[in-house]
Amino acid sequence: MADLDVATSMAVILGTMVAMVMGLVTVQMPKLDQSGSTFFPSAKLQPSKRSYELFAAAYTPVWISAFGIVVVFQVYEQLDAWGYSRLCGGLAAPFLLQPFLFPSAGSNSPDETRAPWERYAFKANLWIAIYSFIGNYFYTHYFYSVLKAEYSMPAHRLNNVPIAMFLATHFYFSTYHFFSNVLLRKIVTTYEKSFRRTLLFVSTVLVFSYFTAFMETLTISSYPYYSFEDRNTAYTVGSAFYGIYFIVSFPAFFYFDDEVDVDSPTRKVVTVWDTVVSSCGYGMIILILLDFVRIQLGIPLVMDVAKELS
C-alpha cells in the first residue's frame, strides 16, 4: 500500500510539472526562421560544443547498459572495494580521456588543433569533475543527515564517501548535463526571446531537475547497498532536495564557455582557472541552498569520518 501511495504521489507531482511546461510551450512565439531550431549545437557556430555533446550522446547508452547489467544481474555482489573503483573508474574513463585521445570526437572539432588545456571538452570535463567532487565530498553528508542515507558496500572512502562514487558521479553528471543542454538549447533556438520564454526555460530547469533526481533514486532502488531510512520520503522530498543540485548546475553548464568558437578578438576566453572558479562558485551556491533547507528542517549536520580513507 505504501508503494502504491508513493507511486500515486510521484505520478501526480511529475504529471503536474509536465502539464505546466506543456502549457508554457503553447503560449510561446516561435521564431520566424526555424532553420536554427536545434537540440545540438550548430556545426558552424559551436563545433567544439557539438563534438563534446555528440560524444556524450554516443557514450551514454554504453555506460547505462554496462551499469544496468551490473545491477540487474547483481554483479556487484562479486565486487570488493577495488572492484567498485575499477568498475566506476573504467566507466568514467572515456569521458575523462576523450579530450586527450579523441579530441575531434569524430566530427572535426577545433579542439583537435588546440592545446589540451584550451579544449572545450577538457574544460567541460574539468567543470563536471570538480562539481562531482564537491557533491560527493560535501553534499553527500546532507543526504546522510537529512534523509538518513547510507552506503554500505565495501569501499575505500574519503570523508566517509566511497571513492567509487566520486568516479561514478562523473559519468552520471556528464550525461545529465548533456540532456539538460539539449532541452534548454531547443527552447532558446526555437522561440523568440521574451518573458514567456524565460518562464519556460526556468520551468524546464525545475522540472528536469526534479525528474533527474527522482529517476536516479528510482533506478538505483534495487541496489541494496545504498539505502534510506524512509525510501518513500527519499522519492518525494529527497528528489526535491537532490534536485537543488541541478537547479543551479543545469543553466550554469549550458552557458559555460559559450564563446569558445567565436572568432573575435573581444570574445571571452575561459581559462582553466576560470573553469575551476566557475565550478567551485556554483558548487558553493548549491551548498548554501542545501544548508538553508537543512536549517529550515531543523536537522543537525553530522559529518562522521569514522570510515575514513583506507
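Heads up: the structure comes first, above all this text.
None of these values were measured; they are calculated from a predicted model. (Residues numbered from 1 in each chain as written. Predicted model: local features only at pLDDT ≥ 70, side-chain atom pairs only at ≥ 80, totals over all residues. Heavy atoms only, no water.)

Some details on the pattern of salt bridges
Then step 1. Following the criterion strictly, the structure yields 6 salt bridges and no others.
Then step 2. Residue Arg114 is joined to Asp261 by a salt bridge in which the shortest nitrogen-to-oxygen separation is 2.8 Å. Separated by 147 residues along the polypeptide, Arg114 in the loop between helix 3 (81–101) and helix 4 (120–146) and Asp261 in the loop between helix 7 (231–255) and helix 8 (272–297) bring together distant segments of the chain.
Then step 3. In this structure, the salt-bridge partner of Asp291 is Arg294, at a minimum N-O distance of 2.8 Å. Of this pair, Asp291 and Arg294 are both found in helix 8, 3 residues apart, which corresponds to roughly one turn of the helix.
Then step 4. In this structure Arg294 comes out as buried when scored by relative accessible area, which is 14%.
Then step 5. A network of salt bridges, in which partner residues are shared, links Asp111, Arg114 and Asp261. (Salt bridge = Lys/Arg side-chain N within 4 Å of Asp/Glu carboxyl O. Helix = DSSP H or I, 4+ residues; strand = E, 2+ residues; numbered from the N terminus. Buried < 20%, exposed > 50% of the residue type's maximum accessible area, 1.4 Å probe, protein only.)

Points about the layout of surface pockets
Then step 1. Roughly 990 Å³ of internal volume is contained in the largest pocket.
Then step 2. In terms of lining, the largest pocket is formed by 44 residues, of which the most central are Tyr172, Tyr176, Glu216, Thr219 and Ile220.
Then step 3. Mapped by element, the contributors of at least two residues to the lining of the largest pocket are helix 2 (47–72), helix 3, helix 4, helix 5 (163–190), helix 6 (195–219) and helix 7.
Then step 4. For the lining of the largest pocket, the residue count by class is 30 nonpolar, 13 polar and 1 charged. (1 Å grid on protein atoms, 1.4 Å probe; cavity = no way out; pocket = protein on both sides within 12 Å on 5 of 7 lines; lining within 4 Å. Points joined across faces, edges and corners; volume = space filled by probe spheres on them. Nonpolar A, V, L, I, M, F, W, Y, C, P; charged D, E, K, R; others polar.)

Topic: unusual backbone geometry
Then step 1. For Asn159, which is not glycine, the phi dihedral falls at a positive 55 degrees.
Then step 2. Tracing the chain through its elements places Asn159 in the loop between strand 2 (157–158) and strand 3 (161–162).
Then step 3. According to the relative accessible area criterion, Asn159 is buried, its value standing at 7%.

So, helix 3
Then step 1. Here helix 3 spans 28 Å end to end across 21 residues, near enough to the 30 Å set by a 1.5 Å rise per residue.
Then step 2. At Ala93, helix 3 is deflected by roughly 40 degrees, the largest bend along its length, and proline Pro94 occurs up to four residues later in sequence.
Then step 3. Those residues of helix 3 that sit buried are Ala81, Gly83, Tyr84, Ser85, Cys88, Leu91, Ala92, Phe95, Gln98 and Pro99.
Then step 4. Where helix 3 is buried, its residues touch helix 2, helix 4 and helix 5.
Then step 5. The N-capping residue of helix 3, defined by a side-chain oxygen 3.2 Å from the backbone nitrogen of Trp82, is Asp80. (Expected span 1.5 Å × (residues − 1). Bend = angle between axes of the 7 residues up to and from the residue. Contact = heavy atoms within 4.5 Å. Polar contact = N/O pair within 3.5 Å; in protein donor to acceptor, adjacent residues only side chain to side chain.)

A look at the packing of helix 4 against helix 8
Then step 1. Running from N to C, helix 4 and helix 8 cross one another at 20 degrees; their axes reach a closest spacing of 9 Å. With respect to their mutual orientation, helix 4 and helix 8 come out roughly parallel. The way helix 4 lies across helix 8 gives a crossing that is right-handed.
Then step 2. Along the lines of polarity and charge, the residues of the contact of helix 4 with helix 8 split into 19 nonpolar, 4 polar and 3 charged. (Axes fitted to C-alpha atoms, helices over the stretch in contact; angles between N-to-C directions. Parallel < 35°, antiparallel > 145°, perpendicular 65-115°, else oblique. Left-handed = near helix turned anticlockwise from the far one by under 90°.)

Let's talk about the packing of helix 4 against helix 7
Then step 1. It is the contact of helix 4 with helix 7, at a shortest axis distance of 11 Å, that shows an interaxial angle of 165 degrees. Here helix 4 is positioned roughly antiparallel relative to helix 7, judged by the angle of their axes. Helix-helix and strand crossings are classified by hand; for helix 4 and helix 7 the assignment is right-handed. Judged by residue contacts, Tyr120, Ala124, Trp127, Ile128, Tyr131, Gly135, Tyr139, Thr140, Tyr142, Phe143 and Val146 of helix 4 engage Phe241, Tyr242, Tyr245, Phe246, Ser249, Ala252 and Phe253 from helix 7.

A word on the nonpolar core
Then step 1. If you look at the biggest cluster of nonpolar residues, it comprises 65 residues, and the most contacted ones within it are Phe143, Phe171, Phe173 and Tyr245.
Then step 2. At the level of elements, helix 2, helix 3, helix 4, helix 5, helix 6, helix 7 and helix 8 are the ones that each hand at least two residues to this core.
Then step 3. It is helix 4 that contributes the most residues to this core, 13 residues altogether.
Then step 4. The residues contacting Phe173, other than those within four sequence positions of it, are Ile128, Tyr131, Ser132, Tyr242, Tyr245 and Phe246.
Then step 5. By size, the runner-up hydrophobic cluster in this structure holds 13 residues, among which are Val6, Leu14, Leu24 and Leu200. (Core = buried A, V, L, I, M, F, W, Y, C linked by side-chain atoms within 4.5 Å.)

Quick word on the packing of aromatic side chains
Then step 1. Within this structure, the stated rule accounts for 49 aromatic pairs.
Then step 2. Taking 6.0 Å as the distance between ring centres and 85 degrees as the angle between the ring planes, the aromatic pair formed by Tyr76 and Tyr225 counts as edge-to-face. Of this pair, Tyr76 sits in the loop between helix 2 and helix 3 while Tyr225 sits in the loop between helix 6 and strand 4 (226–227), placing them 149 residues apart in sequence.
Then step 3. For Tyr76, a relative accessible area of 3% translates into the label buried.
Then step 4. Owing to a relative accessible area of 24%, Tyr225 belongs among the partly exposed residues under this scheme.
Then step 5. A ring pair is formed by Tyr242 and Tyr245, whose centres lie 4.8 Å apart and whose planes are at 85 degrees; its orientation type is edge-to-face. With Tyr242 and Tyr245 both in helix 7 and 3 residues apart, this pair spans about one turn of that helix. Summarising the burial analysis for this pair, Tyr242 and Tyr245 share the class buried.
Then step 6. Here Lys186 stacks its cationic end above the ring of Phe39, 4.8 Å away from the centre of that ring. (Phe/Tyr/Trp six-rings, centres within 6.5 Å; stacked < 30°, edge-to-face > 60°. Lys NZ or Arg CZ within 6 Å of the ring centre and 35° of its normal.)

Any functional reading would require information that these geometric values do not contain.
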